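Listed below are the residues making up each chain.
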Amino acid sequence: MKNVHNFSAGPAALPRQALEKAQSSLLNYEESQVSIMEMSHRSKTYENVHFQAISRLKSLMKLDEDTHILFFQGGANLQFSMVPMNFLNNQSSYVLTGVWSEKAANEAKRFGTIDVQTHAKENGYSTIPSPDDLSYDDRNSYLHITSNNTIYGTQWKKFPYSKLPLVCDMSSDILSRDIDYNAFDLIYAGAQKNLGPAGVTIVAVKDSFLKNAHSDVAPMLSYQTFSKSQSMYNTPPVFSIYMLNLVLEWIESEGGVSSIEARNEKKASLLYDAIDRSEGFYRGHAEKEARSTMNVTFNLQHDDLEKLFLQEAEEAGLIGLPGHRLVGGIRASIYNAVPLESCEVLAAFMDSFKRKHT
Ligand SMILES: *Cc1c(COP(=O)(O)O)cnc(C)c1O
């Protein structure tokens, strides 16, 4: 039995079922006498895994037929460069709601003019703009947003509507909720928060948008190359994709994305309720209407108390709770694979820590 509760922000907790399945077939994958890491990526055996992961993603995201699923290495950070490299003509628009969107916009500046729409930076990025408050200038090649702000703990609930192609960094909430994934022209997400280990980045791109991609991009940085080769232009990160497939299988076995979403909401409520009933002992960072169901961020009255909280939490088996180095405080990351029970244990710990220290 596992006796720690893992709230790591990323790489993050994986479903026990997926880890055990990987463990049991590590030395002998499907009677091949070798592991999945030790065979050609052109073998039928690996191809089955690769295409199963693609078809599971398509079906769990309920994607239109003309959407391509691609696998890249280089993390979400490489996508910060690849998106403008492939799609920016003269100008594009970035909505800044946190550190990752700032970084995405800064990388894009190398490739053209960036129209930034900064929201609530002076309030520590504690809210999300209403789609009505954004500008949708059609000189932009696309509009870029970050659906969940991993560091500040805020999340978009309603997405921009726009004739502009919509590009979204979903690294920290992909498949955590049953949204209309077809509303986006390009989605990218590093797997290591909600979908698997580090090493593979998932891209879902509509064919109509892909047609706009510049064709003179270096092949390893081109969405068109990866689409034509079904993400087998070179050796793909086979083990990461194998694990991704096991995590997707687990999502299916849990009843699909809507069941996962219902549980995620319950998990988040347990922690936000503990903050709200603490009468200011715990101070939630995000405004209520923008609260993330994935990253619950809060502070205590002073640094020493936060240190003590983290220390006592760790002694109680609650790990991965320190906030991001840029903002400090506490961050409980409660991605898909974090069990409801872990949130129950953390909420109870928060109540008892408060009783002990007031
Ligand atoms: C973690 C994270 C990133 C960075 O991902 P890498 O895969 O390490 O490049 C980017 N965007 C968001 C929203 C994230 O949560």
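Residues numbered from 1 in each chain as written. Predicted model: local features only at pLDDT ≥ 70, side-chain atom pairs only at ≥ 80, totals over all residues. Heavy atoms only, no water.

Naming follows an unreviewed UniProt entry, where the protein appears as Phosphoserine aminotransferase of Alkalicoccobacillus plakortidis. Quoted verbatim from the Pathway (unreviewed entry) field of UniProt, the annotation for the protein is "Amino-acid biosynthesis; L-serine biosynthesis; L-serine from 3-phospho-D-glycerate: step 2/3." (UniProt positions renumbered as here; feature names shortened; annotations may be inferred.)

Asks: Would you explain the site of the ligand in this entry?
Replies: Around the ligand sit 13 residues, and of these Asn77, Thr150, Asp169, Gln192 and Lys193 come closest. Take Ala76: an N or O atom from its main chain is 3.0 Å from an oxygen atom of the ligand. Interatomic distance of 2.6 Å between a side-chain N/O atom of Asn77 and an oxygen atom of the ligand. For the ligand, whose unbound accessible area comes to 390 Å², protein coverage reaches 87%. Examining the composition of the shell around the ligand, we find that four residues originate from one element, helix α3 (residues 75–87), more than from any other. For the shell around the ligand, a count of residues per class yields three nonpolar, eight polar and two charged. (Near = heavy atom within 4 Å. Polar contact = N/O pair within 3.5 Å; in protein donor to acceptor, adjacent residues only side chain to side chain. Areas by Shrake-Rupley, 256 points an atom, 1.4 Å probe, with all protein chains shown as cover. Helix = DSSP H or I, 4+ residues; strand = E, 2+ residues; numbered from the N terminus. Nonpolar A, V, L, I, M, F, W, Y, C, P; charged D, E, K, R; others polar.)

Asks: What should I look at first to understand helix α8 (residues 257–276) in this one?
Replies: In this model, α8 (20 residues) spans 28 Å end to end at C-alpha, consistent with the 28 Å of a helix rising 1.5 Å per residue. Those residues of α8 lying buried are Val257, Ile260, Asn264, Lys267, Ala268, Leu271, Tyr272, Ala274 and Ile275. Taken down its axis, α8 places every buried residue within 150° of arc, on the same side. Lining the buried residues of α8 we find α2 (44–60), α7 (238–253), β11 (283–284), β12 (295–299), β14 (330–333) and α10 (340–356). (Expected span 1.5 Å × (residues − 1). Buried < 20%, exposed > 50% of the residue type's maximum accessible area, 1.4 Å probe, protein only. Arc of directions from axis to C-beta. Contact = heavy atoms within 4.5 Å.)

Asks: Can you help me understand the nonpolar core in this one?
Replies: Generally speaking, soluble globular proteins have nonpolar side chains that are buried together. Counting residues in hydrophobic clusters, the biggest one holds 53 residues, and the most contacted among them are Leu57, Phe71, Leu175 and Leu195. Taken domain by domain, this core gets at least three of its residues from each of domain 1 (16–253) and domain 2 (256–356). Beyond its immediate sequence surroundings of up to four residues, Leu57 is in contact with Ile69, Phe71, Leu175, Leu195, Ile202, Leu244 and Leu248. Counting 29 residues, the second-largest nonpolar core is a separate cluster that includes Leu96, Tyr188, Ala213 and Tyr223. (Core = buried A, V, L, I, M, F, W, Y, C linked by side-chain atoms within 4.5 Å. Domains from an automatic or database assignment.)

Asks: Which parts of the structure should I look at to understand the sheet that holds β11?
Replies: Judged by pairing direction, the sheet is antiparallel, and its three strands sit side by side in the order β11-β12-β14 without closing on themselves. Among the strands making up the open sheet, the edge pair consists of β11 and β14. Direction of pairing for β12 relative to β14: antiparallel, over a ladder of four bridges. Following the sheet pairing, Phe298 is matched in β14 by Ile330. (Pairing = 2+ DSSP bridges.)

Asks: Even after reading the chapter, I still don't get the sheet that holds strand β9 (residues 186–190), so can you show me in this structure?
Replies: The strands that make up a sheet pair up through hydrogen bonds in the backbone, lying either parallel or antiparallel. Taken in spatial order, the seven strands line up as β2-β10-β9-β8-β5-β3-β4 in an open sheet, and their pairing is mixed. Each edge of the sheet is formed by a strand with only one pairing partner; in this case those strands are β2 (67–72) and β4 (113–118). Strand-to-strand twist in this sheet, taken as the mean axis angle between neighbours without regard to direction, amounts to 20°. In this sheet, strand β5 (residues 140–146) lies alongside strand β3 (residues 91–96) in parallel orientation, the contact comprising three bridges. Paired with Gln91 across the strands is Asn140, a residue of β5. Against the sheet, α3 engages β2, β3, β5, β8 (166–169), β9 and β10 (201–206), with an angle of about 155° to β9. (Axes fitted to C-alpha atoms, helices over the stretch in contact; angles between N-to-C directions.)

Asks: Any chance you could explain the pattern of salt bridges here in plain terms?
Replies: Two side chains carrying opposite charge are able to pair once their charged atoms lie near each other. Within the structure shown, the criterion is met by 15 salt bridges. Measuring nitrogen to oxygen at the nearest pair gives 2.8 Å for the salt bridge that ties Lys121 to Glu102. Taken together, the positions of Lys121 in the loop between β4 and β5 and Glu102 in helix α4 (residues 99–108) put the pair 19 residues apart, joining distant regions of the chain. Look at Lys121 and you get partly exposed, because its relative accessible area is 46%. (Salt bridge = Lys/Arg side-chain N within 4 Å of Asp/Glu carboxyl O.)

Asks: For this particular structure, what's the right way to read the environment of Ile36?
Replies: As for its placement among the helices and strands, Ile36 is situated in the loop between α1 (16–24) and α2. Judged by relative accessible area, which is 3%, Ile36 ranks as buried. Excluding residues that lie within four positions of it along the chain, Ile36 makes contacts with Tyr29, Tyr46, Val49, Val238, Phe239 and Tyr242.

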